[in-house]
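Survey of secondary and tertiary structure
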Amino acid sequence: RAVQSTGAKGLLIVNVDEELVQLSLPPDSPGGINAVKSFLPSAVLRNAQGEVLLAALARAAQEKEVIKLRGQGVVQMSRARADELSAAGRYGEAAELLSSGLKEAEGFEEVSLRILLADALRLSGRPAEAAEEARKVVHINPESADGWVAVVQALRSAGQVQEAHKAAEQAVGLYEIQDARLSALVLELSRSPEEVASEHKA
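Rules behind the numbers
Residues numbered from 1 in each chain as written. Predicted model: local features only at pLDDT ≥ 70, side-chain atom pairs only at ≥ 80, totals over all residues. Heavy atoms only, no water. Helix = DSSP H or I, 4+ residues; strand = E, 2+ residues; numbered from the N terminus. Buried < 20%, exposed > 50% of the residue type's maximum accessible area, 1.4 Å probe, protein only. Areas by Shrake-Rupley, 256 points an atom, 1.4 Å probe, with all protein chains shown as cover. Core = buried A, V, L, I, M, F, W, Y, C linked by side-chain atoms within 4.5 Å. Contact = heavy atoms within 4.5 Å. Salt bridge = Lys/Arg side-chain N within 4 Å of Asp/Glu carboxyl O. Phe/Tyr/Trp six-rings, centres within 6.5 Å; stacked < 30°, edge-to-face > 60°. Expected span 1.5 Å × (residues − 1). Arc of directions from axis to C-beta.

1. A word on the overall build of the protein chain
If you tally the helices and strands in the protein chain, you get 11 helices and two strands. Taken from N to C terminus, the helices and strands of the protein chain fall in the order α-β-α-α-β-α-α-α-α-α-α-α-α. For the protein chain, the residues scored as buried account for 40% of the 202 residues in total. When the accessible surface of the protein chain is summed, it comes to about 11600 Å², and 50% of that surface belongs to carbon and sulfur atoms.

Written as C-alpha cells, this is what we have:
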C-alpha cells in the first residue's frame, strides 16, 4: 500500500542473505523500475524472472532513469536487453547496447559479448565492423568455433567471399575445429558462382 500511495512503478527488495523467490515485473512497462541504487546480486540471476528484470533495468538505463550497476551487472543487463532488441529486429540498438556492455566485460564474458555484437552489426548492415569484432574474438581465443563462424558470416556479408572461404578453411584446417557449421561453410564457399546459379535454376 505504501508503494502504491507514492505512485512508484515497482518495488525491488533485495536481501543478499536469502534467495529471491519471486519478482513481479511487467515486461512491457517502460523502464519497469524507477531507481535501483545497489549492485544486482547473483540471486536475481538465478530467479525465474531474472532475465526480465535485467532487460527492464537496461530499458530504464536507456531512458535515463537512475540506474547504478557495475561490473557483471552491466554485462548481464546489456545481454538481456540486447536479446530483446534483436528478437524485435532492432539490431542497431542491440549493437549499441552490447558495445556499452563491453566496457565492463572481461574474459569469457568479453568473448561472448563480442560474438553477439558481431552478429548484431552484421544483421544491421555493418558487415565490415562485424568482421572486425569477430576477428577480435578469434584473436583472444583461436579455437572459438562461434568466433570463426561470426568471422566467416561477416566477411561473406561484406562480399569478401574468398576471404570468408580462407577463414573457414583456416578454422577447420589450421586450428582443427570440429564444427558442423564451419564444415558446411567450407563446402558452400568453395562452390563456384556458376554451380550455385545452376542449382537455383534446378
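After that view, the rundown keeps rolling.
2. Quick look at the nonpolar core
By size, the foremost hydrophobic cluster in this structure holds 35 residues, and its most contacted members are Trp-148, Val-151, Val-152 and Leu-182. At the level of elements, helix H4 (72-87), helix H5 (91-102), helix H6 (108-123), helix H7 (127-140), helix H8 (145-157), helix H9 (161-174) and helix H10 (180-190) are the ones that each hand at least two residues to this core. Considering each element in turn, this core owes the most residues, eight residues, to H8. The contact partners of Val-151, leaving out residues within four places of it in the chain, are Ala-134, Arg-135, Val-138 and Ala-167.

3. Some thoughts on the pattern of salt bridges
The final tally for this structure, using the stated rule, is 12 salt bridges. For Glu-93, the salt bridge goes to Arg-90, with nearest N and O atoms at 2.7 Å. A salt bridge links Asp-146 to Arg-181; the nearest nitrogen and oxygen atoms lie 2.7 Å apart. With a gap of 35 residues between them, Asp-146 in helix H8 and Arg-181 in helix H10 connect regions that are remote in the sequence. Taking the relative accessible area as the measure of exposure, Asp-146 reaches 38% and is therefore partly exposed. A residue is classified by how much of its surface remains accessible, and Arg-181, at 39% relative accessible area, is partly exposed. Within the structure, one salt-bridge network assembled from shared partners comprises Glu-110, Arg-114, Glu-133 and Lys-136.

4. Some details on unusual backbone geometry
Despite not being glycine, Glu-176 has its phi angle at roughly 55°, a positive value. Within the secondary structure layout, Glu-176 lies in the loop between H9 and H10.

5. Points about the packing of aromatic side chains
In this description, an aromatic ring pair is defined by two values, namely the gap between the centres and the angle between the planes. Counted under the stated rule, the structure contains one aromatic pair. Ring centres of Trp-148 and Tyr-175 lie 5.7 Å apart, and the angle between their planes is 35°; this geometry places the pair in the tilted category. On the criterion of sequence distance, the pair formed by Trp-148 in helix H8 and Tyr-175 in the loop between H9 and H10 is long-range, its members being 27 residues apart. Here Tyr-175 falls in the partly exposed class, since its relative accessible area comes to 29%.

6. Looking at the side chain of Glu-133
Looking at where Glu-133 falls in the secondary structure, it is placed in helix H7. The class of Glu-133 is buried, set by a relative accessible area of 11%. When sequence neighbours within four positions are dropped, the list of residues in contact with Glu-133 reads Leu-102, Arg-114, Leu-117, Ala-118 and Leu-121.

7. Let's talk about H5
Over its 12 residues, H5 runs 16 Å from end to end, which matches the ideal 16 Å to within 8%, given 1.5 Å per residue. The set of residues buried in H5 consists of Ala-94, Ala-95, Leu-97, Leu-98, Gly-101 and Leu-102. For H5, the buried positions fall inside an angular range of 165° around the axis, keeping them on one side.

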